[in-house]
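Chains, contacts and geometry: an overview
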Amino acid sequence: MEFTTGPKILTHVHKEVQITTYDTKWIPSSARFVVLGSYARATGCIQIYELSGNDVKLAKELETRTSFKCGTFGASGLAERNLATGNFEGYLQLWDLDHAPDKPIMDIKAHTSIVNDIDGIGGQTKGYGAPELVTCGRDGAVRVWDVRQKDAPVASFEPAENIAARDCWAVAFGNSFNDDERSVLAGYDNGDIKLFDLRTGTVRLETNVGNGVCSVEFDRKEIAMNKFVVACLESTFCVFDARTFHPRKGYSSATERVPMDATVWGVRHLPQNREISMVLGGDGTLMLYKYQYPDQRVVMDTDGVPLGVTGTMNLLNQQNISTQPISSWDWSPDKEGLAVCGSFDQVIRVIIVTQLNRA
């Protein structure tokens, strides 16, 4: 498929590394990014790179006893810019990379085994509510942590007793549009999707998308729920319209199939335009999509109850950059179209997506 007009996906920097990369994150308000992963000897690695012309330079490197799986700056203010990480032994840790990088300033046993995913909220200049982290693990638990209260989670959603726990692969914050409201979206290896309401401590939505869930994300965290995307195995991702909840059918959704036969590792929304997102392919392909709203977002069903209508995802461009899965992607919050990604071919890439105004 040829894409002659519209946005282009360009590789700005191609940097080979000696680690397995699991996550990449821009340091807020800087030209630096963090790479989290594992050395060949199964120890953890934090690397900090800074942009330098047409290359990146390694500014700092830290080795730990346990490999890292995920990280976020979401619960940290711009003054501190502390990195929260989850590792393969189930520990949630908080790192002051600028002033005390050698030892975590918070170290909690969050899960019985690997922390699969982490998200943060409340630390940046925009948004509402307390600075919080959410983690999920192989033990099937979803736990919310206040970084100011380091001894126990402020909320915990555990698997039911006497039932084999499903591996929870992905979590994300959303619906944080005032100081009281906040929700957590979780995806599991059997295709289950659960939406937890943190204000009431209840399960707001429970459904199944038919395939293991690799990633979940709201288009924006700090607004009333608009839509969210679920990335799955078997070449699919699902878009949910989250504005209208039907008492019997829940939120309306649409399943999209990507052009190649590969797992969808993630969907990441552009911070400057929530309708544009990058889809990460298991064959090393990046796919840029734009969401198109339907003519009517709400219709009445046969009983006169409001029912949401889902829009469509339109492919703007695609580019194969690797022979291995794209394991992580992070848009720069400060520079539109700039991103960093990691893949299992032991390469870090800085990507520039141009002409986004033509999308």
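Here goes a summary of the coordinates provided. (Residues numbered from 1 in each chain as written. Predicted model: local features only at pLDDT ≥ 70, side-chain atom pairs only at ≥ 80, totals over all residues. Heavy atoms only, no water.)

1. Some details on the sheet that holds strand β11 (residues 132–137)
Strand pairs in the sheet, formed through backbone hydrogen bonds, run parallel or antiparallel to each other. Let me state the cut-off plainly: Here a strand pair is declared whenever DSSP counts at least two bridges between the two strands. Segments assigned H or I by DSSP are reported as helices when at least four residues long, segments assigned E as strands when at least two residues long, and all are numbered from the N terminus. An axis is simply a line fitted to the C-alpha atoms; with a helix, the fit covers only the stretch in contact. Between two such axes, the angle follows the N-to-C directions and lies from 0 to 180 degrees.
Strand order in the open sheet formed by four strands is β10-β11-β12-β13, with antiparallel pairing between adjacent strands. Bordering the open sheet on either side are β10 (115–121) and β13 (155–157), each of which pairs with just one other strand. Geometrically, the sheet is characterised by an average inter-axis angle of 15° between neighbouring strands, direction not taken into account. Sheet topology places β10 next to β11; six bridges connect them, and they run antiparallel. Within the sheet, the bridge partner assigned to Gly120 lies in β11 and is Leu133.

2. Describing the side chain of Lys25
Condition: Here a polar contact is recorded for every N or O atom pair within 3.5 Å, except that within protein the pair must consist of a potential hydrogen donor and a potential acceptor, and residues adjacent in sequence are included only if both atoms are side-chain atoms. We call two residues in contact when some of their heavy atoms are within 4.5 Å.
Turning to its location among the elements, Lys25 is positioned in strand β2 (residues 20–26). Within the structure, Lys25 has its side chain in polar contact with the side chain of Asp23 (distance 3.0 Å). If we skip the residues at most four places from it in the chain, Lys25 touches Phe33, Val34, Gly71, Thr72, Phe73 and Asp330.

3. Examining unusual backbone geometry
Rules: A 1.4 Å probe rolled over the protein chains alone gives each residue an accessible area, and that area as a share of the maximum for its type sets the label: buried under 20%, exposed over 50%, partly exposed in between.
Of note in this structure, Arg81 is not a glycine but carries a positive phi near 50°. Tracing the backbone through its elements, the reader meets Arg81 in the loop between β6 (68–72) and β7 (83–87). Even without glycine at this site, Gln355 takes up a positive phi of about 55°. With respect to the element layout, Gln355 can be found in the segment after β30 (347–354). By relative accessible area, which is 31% here, Gln355 ends up partly exposed.

4. Description of the layout of surface pockets
The criterion, for reference: Put simply, the grid is 1 Å and covers the protein atoms alone, a cavity is a trapped set of points that fit a 1.4 Å probe, a pocket is an open set with protein on both sides within 12 Å along at least five of seven lines, and lining residues have an atom within 4 Å of a point. Grid points are joined across faces, edges and corners, and a volume is the space filled by probe spheres set on the points. Here the term charged refers only to Asp, Glu, Lys and Arg, the term nonpolar to Ala, Val, Leu, Ile, Met, Phe, Trp, Tyr, Cys and Pro, and the term polar to all other amino acids, Gly among them.
Considered as a void within the structure, the second largest pocket measures approximately 250 Å³ in volume. Along the walls of the second largest pocket sit 15 residues, with Glu158, Pro159, Ala160, Tyr188 and Lys194 positioned nearest its centre. The dominant element in the lining of the second largest pocket, judged by the number of residues it contributes, is strand β16 (residues 192–197), at three residues. Classifying every residue of the lining of the second largest pocket gives nine nonpolar, two polar and four charged.

5. Here we look at the sheet that holds β2
Sheet architecture is open: four strands sit in the order β2-β3-β4-β5, paired in antiparallel fashion. Taken across any chain shown, the strands that pair with only one partner, and hence form the sheet edges, are β2 and β5 (55–64). Pairs of neighbouring strands in the sheet enclose a mean axial angle of 25°, with direction left out of account. The pairing of strand β4 (residues 44–52) with β5 spans nine bridges and is classified as antiparallel. Across the sheet, the residue bridging to Ile46 is Leu62, located in β5.

6. Brief notes about the pairing of strand β17 (residues 202–208)
Here β16 runs beside β17; their pairing, made up of six bridges, is antiparallel. Bridge pairing links Lys194 to Glu206 in β17.

7. Observations regarding the state of the cysteines
Each disulfide is one covalent bond, formed between the sulfur atoms of two cysteines. Put simply, the rule is: Any two cysteine sulfur atoms lying within 2.5 Å of each other are counted as a disulfide.
Inspection of every chain in the model, using the stated rule, returns zero disulfides. Residue Cys136 stays outside any disulfide, its sulfur separated by 3.8 Å from that of Cys168, the closest cysteine. Take Cys214: it sits in no disulfide, and the sulfur closest to it among the cysteines is that of Cys232, at 7.1 Å.

8. Details of the nonpolar core
As a reminder, the rule being used: Put simply, a nonpolar core is a bunch of buried Ala, Val, Leu, Ile, Met, Phe, Trp, Tyr and Cys residues held in one set by side-chain atoms that sit within 4.5 Å of each other.
Counting 18 residues, the largest nonpolar core has Val209, Val216, Phe228 and Val230 as the members making the most contacts within it. Of all the elements in the fold, those that place two or more residues in this core are β14 (168–174), β16, β18 (213–218), β19 (227–232) and β20 (236–241). Apart from residues no more than four positions distant in its own chain, Val216 is found in contact with Ala170, Val171, Ala172, Leu185, Gly187, Ile193, Val229 and Val230. Of all hydrophobic cores here, the second largest spans 17 residues; its members include Ile276, Trp331, Cys341 and Ile351.

9. Describing the packing of aromatic side chains
Convention followed: Two rings from Phe, Tyr or Trp (for Trp, the six-membered ring) form a pair when their centres are within 6.5 Å of each other. A pair whose planes differ by under 30 degrees is stacked, one over 60 is edge-to-face, and the rest are tilted.
For the structure shown, the criterion picks out 14 aromatic pairs. Taking 5.6 Å as the distance between ring centres and 20° as the angle between the ring planes, the aromatic pair formed by Phe33 and Tyr49 counts as stacked. Here Tyr49 lies in strand β4 and Phe33 lies in strand β3 (residues 32–38), a separation of 16 residues in the sequence. The burial state of Phe33 is the same as that of Tyr49; both residues are buried.

10. Describing the pattern of salt bridges
To keep things clear, this is the line we draw: Here, a salt bridge means any Lys or Arg side-chain nitrogen found within 4 Å of an Asp or Glu carboxyl oxygen.
Considering all chains together, one arrives at 22 salt bridges under this definition. With a closest N to O distance of 2.8 Å, Lys221 and Asp119 form a salt bridge. Separated by 102 residues along the polypeptide, Lys221 in the loop between β18 and β19 and Asp119 in strand β10 bring together distant segments of the chain. Here Lys221 falls in the partly exposed class, since its relative accessible area comes to 26%. Its relative accessible area of 10% is what places Asp119 among the buried residues.

11. Looking at the environment of Arg220
The residue Arg220 is located in the loop between β18 and β19 in this model. Accessibility expressed as a relative area gives 15% for Arg220, which makes it buried. Sequence separation between Arg220 and Asn314 is 94 residues, and the spatial gap between their C-alpha atoms is 19 Å. Excluding residues that lie within four positions of it along the chain, Arg220 makes contacts with Leu270, Pro271, Gln272, Asn273 and Arg274. A distance of 2.3 Å separates a polar atom in the side chain of Arg220 from the backbone oxygen of Pro271.

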